[in-house]
Number of protein chains: 2
Amino acid sequence: MLSSFKRFLIGRPLKSTELGEQKLNILKALAILSSDALSSVAYGTEQILIVLATISVVAFWYSIPIAVGVLFLLAALILSYRQIIYSYPHGGGAYVVSKENIGEKAGLIAGGSLLVDYILTVAVSVTAGTDAITSAFPALHAHSVFIAVVLVIFITILNLRGITESASILAYPVYLFVIALFILIGVGLFKIVTGDISPSAQHASIGAPVQGITLFLLLRAFASGCSALTGVEAISNAIPTFKDPAPKNAARTLILMGSLLALLFSGITFLAYYYGIAPKADETVVSQIAEETFGRNYLYFFVQGTTALILVLAANTGYSAFPLLAFALAKDKYMPRMFTIRGDRLGYSNGIVSLGVASIILIIASKGQTEHLIPLYAVGVFIPFTLSQTGMIIKWLREKPAGWVAKLTANLVGALITLTVLIIFFVTKLGQVWFVIIFLPLIVLMFKRINSHYESVGEQLRIHPDDEAMPVQGNVIIVPVAGITKVVENSINYAKSLTDQIFAVYVSFDREDEKRFEEKWEKWQPDVRLVTLHSHYRSILHPLSKFIDTVEHKASDNNYRVTVLIPQFITKKSWHNILHNQSSLLIRAYLIFKKKVIVATLPYRFKK
Amino acid sequence: MLSSFKRFLIGRPLKSTELGEQKLNILKALAILSSDALSSVAYGTEQILIVLATISVVAFWYSIPIAVGVLFLLAALILSYRQIIYSYPHGGGAYVVSKENIGEKAGLIAGGSLLVDYILTVAVSVTAGTDAITSAFPALHAHSVFIAVVLVIFITILNLRGITESASILAYPVYLFVIALFILIGVGLFKIVTGDISPSAQHASIGAPVQGITLFLLLRAFASGCSALTGVEAISNAIPTFKDPAPKNAARTLILMGSLLALLFSGITFLAYYYGIAPKADETVVSQIAEETFGRNYLYFFVQGTTALILVLAANTGYSAFPLLAFALAKDKYMPRMFTIRGDRLGYSNGIVSLGVASIILIIASKGQTEHLIPLYAVGVFIPFTLSQTGMIIKWLREKPAGWVAKLTANLVGALITLTVLIIFFVTKLGQVWFVIIFLPLIVLMFKRINSHYESVGEQLRIHPDDEAMPVQGNVIIVPVAGITKVVENSINYAKSLTDQIFAVYVSFDREDEKRFEEKWEKWQPDVRLVTLHSHYRSILHPLSKFIDTVEHKASDNNYRVTVLIPQFITKKSWHNILHNQSSLLIRAYLIFKKKVIVATLPYRFKK
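The structure displayed is predicted, hence computed values, not measured ones.

### Quick notes on the overall build of chain A
Scanning chain A for helices and strands turns up 21 helices and five strands. Relative to its full complement of 608 residues, chain A shows a buried share of 55%. The contacts of chain A with a sequence gap of at least 6 include a subset with a gap of at least 24, amounting to 80%.

### What about unusual backbone geometry?
Residues and elements named next belong to chain A. Here the amide bond leading from Asp 244 into Pro 245 is cis, since omega sits at -5°, within 30 degrees of zero. With respect to the helices and strands, the residue Pro 245 is situated in the loop between helix H10 (234-237) and helix H11 (246-275). One non-glycine residue, Lys 333, adopts positive backbone phi at about 65°. For Lys 333, a relative accessible area of 36% corresponds to the partly exposed category. Despite not being glycine, Asn 559 shows a phi value in the positive range, around 55°. With respect to the helices and strands, Asn 559 occurs in the loop between helix H20 (541-557) and strand E4 (560-570).

### Considerations on the relation of the copies chain B and chain A
For these two chains of identical sequence, chain B goes onto chain A by a turn of 179° and a shift of 0.0 Å along the axis, with RMSD 0.2 Å. In symmetry terms, the pair is related by a two-fold rotation axis. No C-alpha of chain B approaches the rotation axis more nearly than that of Ala600(B), which lies at 1.9 Å. Most of the interface of chain B is mirrored in chain A, where 100% of its interface residues are also at the interface.

### Side note on the sheet that holds strand E5 (residues 598-605) of chain A
The sheet built from 10 strands is open, its strands ordered E3(A)-E2(A)-E1(A)-E4(A)-E5(A)-E5(B)-E4(B)-E1(B)-E2(B)-E3(B) with mixed pairing. Because the sheet does not close on itself, it has two edges, and the strands there are strand E3 (529-534) of chain A together with strand E3 (529-534) of chain B. Between one strand and the next, the sheet's axes are offset by a mean angle of 25°, whatever the strand orientation. Where strand E1 (residues 474-480) of chain B and strand E2 (residues 502-508) of chain B come together, four bridges link them in parallel fashion. Residue Val479(B) lies in a different strand from E2(B), and its bridge partner there is Ala504(B). Relative to the sheet, helix H18 (residues 486-498) of chain A contacts strand E1 (474-480), strand E2 (502-508), E4 and E5 of chain A together with E1, strand E4 (560-570) and strand E5 (598-605) of chain B, its axis offset from that of E5(A) by approximately 135°. Contacts from helix H20 (residues 541-557) of chain B reach E1, E2, E3 and E4 of chain B, with the element oriented near 145° to E4(B).

### Some remarks on the packing of aromatic side chains
All names here are of chain A. Applying the stated criterion across every chain, the model contains 26 aromatic pairs over all chains. Taken together, a centroid distance of 6.4 Å and an interplanar angle of 90° make the contact between Phe 569 and Tyr 604 edge-to-face. Of this pair, Phe 569 sits in strand E4 while Tyr 604 sits in strand E5, and the two are 35 residues apart along the sequence. A relative accessible area of 23% places Phe 569 in the partly exposed class. Taking NZ or CZ as reference, Lys 400 lies 5.7 Å from the ring centre of Trp 404, over its face.

### Looking at the side chain of Thr156(B)
Residue and element names in this part refer to chain B. Position of Thr 156 among the secondary structure elements: in helix H7 (residues 144-161). Within the structure, Thr 156 has its side chain in polar contact with the side chain of Tyr 319 (distance 2.7 Å). Sequence-distant contacts of Thr 156, defined by excluding residues within four places in its chain, comprise Tyr 319, Ile 352, Val 353 and Gly 356.

### Section: the interface of chain B and chain A
Size of an interface: often given as the accessible area lost when the parts come together. Each side of the interface is counted separately: chain B has 72 residues, and chain A has 72 residues. Summing both partners gives a buried area of about 6,500 Å² for chain B against chain A, and 57% of it is carried by carbon and sulfur. In this structure, the connection of chain B to chain A is made through zero salt bridges. Connecting chain B to chain A are 10 residue pairs in polar contact (both at pLDDT 80 or more). Taken together, the elements giving at least two residues each to the side of chain B that touches chain A come down to helix H17 (430-461), helix H18 (486-498), E4, helix H21 (583-594) and E5 of chain B. Looking at side-chain class alone, the side of chain B that touches chain A contains 35 nonpolar, 17 polar and 20 charged residues. As judged from the three bridges shared by E5(A) and E5(B), these two strands associate in the antiparallel manner. Paired with Val599(A) across the bridge in E5(B) is Thr601(B).

### Looking at the packing of helix H4 (residues 63-87) of chain B against helix H11 (residues 246-275) of chain B
Residues and elements named next belong to chain B. Two numbers describe how H4 lies on H11: the axes approach to 10 Å, and their chain directions differ by 175°. As far as their axial angle goes, H11 and H4 are roughly antiparallel. In the contact of H4 with H11, the residues fall into 19 nonpolar, four polar and two charged.

### Thoughts on helix H2 (residues 26-39) of chain B
Residues and elements named next belong to chain B. Look at H2: 19 Å from first C-alpha to last across 14 residues, which is about the 20 Å you get at 1.5 Å a residue. For H2, the principal kink sits at Leu 33 and spans about 50°. Among the 14 residues in H2, 12 count as buried, and that is most of the element. Residues of H2 that are buried include every one of Ile 26, Ala 29, Leu 30, Ala 31, Ile 32, Leu 33, Ser 34, Ser 35, Asp 36, Ala 37, Leu 38 and Ser 39, and no others.

### Re the domain arrangement of chain A
Per the domain assignment, the segments of chain A are domain 1 (1-12 + 22-455) and domain 2 (474-605). On a C-alpha basis, the centres of domain 1 of chain A and domain 2 of chain A stand 61 Å from each other.

### Focus on the pattern of salt bridges
All names here are of chain A. Counted by the stated rule, this structure contains 12 salt bridges over all chains. Between Lys 448 and Glu 104 there is a salt bridge; the shortest N-O distance is 2.9 Å. Of this pair, Lys 448 sits in helix H17 (residues 430-461) while Glu 104 sits in helix H6 (residues 104-136), and the two are 344 residues apart along the sequence. Given the relative accessible area of 31%, Lys 448 is considered partly exposed.

Rules of the game
- Residues numbered from 1 in each chain as written.
- Chains lettered and ligands numbered in written order.
- Predicted model: local features only at pLDDT ≥ 70, side-chain atom pairs only at ≥ 80, totals over all residues.
- Heavy atoms only, no water.
- Helix = DSSP H or I, 4+ residues; strand = E, 2+ residues; numbered from the N terminus.
- Buried < 20%, exposed > 50% of the residue type's maximum accessible area, 1.4 Å probe, protein only.
- Contact = heavy atoms within 4.5 Å.
- Least-squares fit on C-alpha atoms with pLDDT ≥ 70 in both.
- Pairing = 2+ DSSP bridges.
- Axes fitted to C-alpha atoms, helices over the stretch in contact; angles between N-to-C directions.
- Phe/Tyr/Trp six-rings, centres within 6.5 Å; stacked < 30°, edge-to-face > 60°.
- Lys NZ or Arg CZ within 6 Å of the ring centre and 35° of its normal.
- Polar contact = N/O pair within 3.5 Å; in protein donor to acceptor, adjacent residues only side chain to side chain.
- Buried area = accessible area lost by both parts, 1.4 Å probe.
- Salt bridge = Lys/Arg side-chain N within 4 Å of Asp/Glu carboxyl O.
- Nonpolar A, V, L, I, M, F, W, Y, C, P; charged D, E, K, R; others polar.
- Parallel < 35°, antiparallel > 145°, perpendicular 65-115°, else oblique.
- Expected span 1.5 Å × (residues − 1).
- Bend = angle between axes of the 7 residues up to and from the residue.
- Domains from an automatic or database assignment.

This is the structure in C-alpha cells:
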C-alpha cells in the first residue's frame, strides 16, 4: 500500500536506459536552472535602494552607477563560467575546479558553502514566495510556516518524479515572469519616451551632489545589489543534465540567462530611478513600478502573480544543483555513499529528500522569518565564485593553452571582483555573516573525517594476495530452545543437516523446571547435547551470552565457526506481533553487534 | 550509558530468590493497598451533599441515613471480600472468582473493567492531587497537565524500583492522613461535646420534612456516596504480595482498612451535618470542616496537605493491582505474554509501564479535566463487585462446605446491594456512564481474540508423535556479493565449510561491469558458481528475490534448505553507520518476512 502511494506520488520506476530521455534542451534548462538567478531581479534593485535610502532620496541616482558595476560583475562572471563549462564538461562547478587546481581544502570549502547555500536558497525563496501569497490573502498569514512547508514538500515530490517532468511544469512560470517584466519595462520606457510619465520630483539628476555619502555606504549598497547575482553558478554545476553536446548547450544557456538577467535588472533599476521610487516596508519596488506603469489593473496582477510564482520556483534551482553536487562529493568519498544512488525516477532521490528535509527544518526553526538569512546566502555564493575563478587562473598558468592570456585575463578580472565583493561583505555586514567563519571549517572537517573513514574501510576490505585466509575447519551450531515445539524441531533438523556439533541451550529460571526439561529432552532428542543454564536474574541474554563466549573461544582456537540459530515467528496478521515477545529480535541484534558468531534466522510462519 | 541511567533510576537488578524479601507485612500493605480506599473519604461525603444541595439545605440531614447505608454496604463488601481472600489465596480477585464460578465471559468482564478502572484511578487521583497543589500555588495552574504527568512518571519509577521500597516511601503520607483526620474528628467531637461549637442554623434535625425530595434523588445521592467505596477490592487482588501466611495477613489488612474507612467516613459526614456545611465550588467540604474546627492554623494546613498527598498516592493502588491482574489475564492467555515477565526489580515492569503510559495519555487527552470520569470509574468498580459476589454465591451453592449458609448469606447480601447500586448508577447517571456499555464488550472481544490466537499458535507448535518431520536432505547457500573483498572471502569460506552447493550472486546495473566482474571472479574463485543478474531498475532486491524463488522452489522439492548469507558491517563508531548503506538490513528483513529461506548474518568488524 505504501509502495503504491509512492507510485502515485512520483510515478512508475524508470529503467536506467531511459536516462538519456530525461536530459534537458536549452529552453527547458533555462527554465530549470535560471529561476534562482532571474528571480533575484525581484529584489536586487530594492536591496540597493534600501541602503541608499539611509542617506536621502537624492542619493538614489547612485543606483545607476552601482547597477552598472553589478552588470560589469555579471559579465565577468558569465565569461568566467563559460570557460569553466568548457574546461569541466562533466560538471561539479566550483567544487571540482577548486579541488583540481587549488587543492582538496579549497574544493571542500567551495563544495560545503554551495551545499549549505542551496538549502538556504530553498528556504529563503519559498518563504519569500509565501510572503507574496499571504500579502495577497492576509487571512492565510497565520499559516505561513505551514504553507511554506507544504510548498517545499510539493517541489520535492515534483523533483522526485524526475527532472524533465518538473521542467515542463516549471517552464511556464519562468517564461511568464520574463514576459511580464518585458511588458512592464517596454510599456514603462514607451510611456517615458512619449512623455506619458514625467520624471518624479524625487528624481535627482545623475551626478547631483549628495550630502553624507561615504565610500563604505556605496560599497554596502553594491554588495547588496550583488544579491541579484546569486544563482549564476547553477548551470556550471549541472552540465551532465544537458542534452548532447552538453557543454555547448550549457554555455548557450548561460549566455542566454546572463543576457536576460542583465536586461531585466537594468530595466527595473532604470524605471525605479526615473520614477523616483523609494523602498517601502509594505510594498515592493517592482510592485510600485508596476502600479505607476499600469495602475492596479490585470497587468499589475500579472506582474505580481508571476513574481510570487518565480520566487517559489527559484527553490527549484537548489533541487537541480544540490543532488548533483552531493553526488560529486559522495563519489569522491566526502559524503555518505547513499548520495550516489539514483532513485526509481533516475533523480538522486537521497539528495532531493535531504535538501527538502533540511530546508523544512530551517523554515520551521526560523518560524518562516528567513529575511536575515539573505546576506549569509550571498556570502555562501561568493566564496565558491572566488575560489573557482582562482582555480581557473592557476589552471591557465599551469597549462598555458592557445590564447591563454585572454582566458587568464577573463578569470583574473572575475576573481578580483568577486574577492572584492566578498571582502566588502565581510567588512560591511560582519554581524550577519560571521556564522560562515565558524560553520565552514566544521563542514570541511566533517568531509575529511568521512573521507578518512571510507579510505580506511577500503584498505581493510582489500584482499592482499599473500595473506590467504585459512579455510574454515568446521562448524559448531548453538540452538537456544524454549520448549519442545515444532519450531525447535525445525531448527534441530536444520542444524543436523549442517554439522554434528550441536548444542541445544535451555535457560531456566528455577531448578525443578530445569530437571523436568532435561528428562523430556533426553527422551525426545537423545543424540543432541542439551545444555541447561540457570538464570538468577530472569534474563535469557546474559547466561546465553556467557555460554556463547565459552564456545566461541574454544572454536576460534581450532578455526571453527560458531552459528547461533534463532527462530523468527512470522504472524499472519500484523497485530499478532505484539503477542509474541519479540525477544528473538533483541537477542539477534545483541549477538550480531556484540559477538563474533554468525546468526542464522529461521522463519516460522503461523498458518493462522 | 542508557543502561546505567536505568540503574540509577530503578536500582540494581534483584535475584529471583530475593522475591520473598520484597513481600509485605500488614502495616506496609495497608499503606500500599488502602490509599485509594481511604482517600475516597476526602470526597465521599461531598459527593452526597452535592446531590442533596440541589433540593435545599434542609435536605442535608439525609446525608446521615445515606451514610449509614454506605457503611452497611461497606460492611457487606468487607465480609464478602474476606471470604474471597480465604477461598482464593492466590489472588486475582473478581477476575478469578467470576471466571471460575460464573464463566469465562463474566471473568473477562470483571477483569476488563478492573483494568480500565485502575487506569482511571491513576488519572483521576493524580489530577485531583494536582488540583490540590495548584489551588495552594495558583501560579502553577497553567502547568497542571505537566505537573500531573511528572507525578505519574515519578510514581511509575517508584514502582519499577520494587514494591517494598515504594511502600516505605508511601507509608508516611497514608498514616499522616489517617492521623490528621483522627485529630480533626476528635477535636471536632470534643468541641461539640464541650459546647464549644453550637449547631449551625442550617443544621436541620434528622427527620425534618423536606419539600421536593424524591426517591430518585436519594438514590442518586446514595450512588454518589458509594464512590467512597472505590478501592476496597484492591487487597483481594494482591494477596500474593503479602508475607506468609498471605491470606490471613490480607484478611486482617482488609478488616483494618474497612474499620478505618468506616470511622473516617462517619466522622466526616457527622461533622459536616452538625456544622451545617454546604458544598462550595472553590472549597472542599473537608477544608470547611477543618477551618471551622481549627481556624486557618497549622493543623488546618496539616489536614489539607496530607489530603493532597494521599490523593496523589491513591494512584499507587492502581500500580499494585494493575500489573497483578494483567499477569493473571496474561497467564490465562487473554493478554500479551509480556505481562507475565518480572523486571529487574521483580515487579511486573511491563504492567507498571503500560499503566503509566495509559494514564498519561488519558491525562493529556482530557487536558487534566478528569472530574467527569469519576462516575465512570465508580461503575467500573461496581461491575466486578457484583460479579465476584455472584461468583461466590454460585461457589457456596455448588460446594456447600461447613457453615455455607452463613457464607452464602454474606455474599448474597453483598451481591444484592452492589447490583442495586449498579442499577442506580445506570438509571440515575446514564449520561455519564453509557460509554461502559460500548467499551466493555470491545475489551472482552479483544481478550477473546488474543486467547484464540495463542490457542491456535500452541496447536500449531505442538509436535504430534505420528507426523515425524522428514530429515533435511541437504543445503544450498546463496551469497550475494558486491565485489571482491575480504567480506566476500569470509562468506564464501564459511559457506564452503557447510556445503558444496553455493551460488555467489552478483547484481549488475550495466553490461560492461557484468562482464568485467565475471572475469575477475573466474580468476579468484573458479570453483564457486557465480550467477550475475541484470537489474534494469537499479534495485538489488527484486532480481535477488526472483532468483531466490527459483532456487527455493527446486530445493524444497528435494527437501533441501536454502540459506542466504548476508554480511553485516559493524562500525567502530556509531556515526559511521550512516556512511554504509544499511541495505543489508533491508534485504535481511525482506527475506526473513517474505521468503522461506534461512538468513544467516555474518558480522564483519571494522578495526577503525
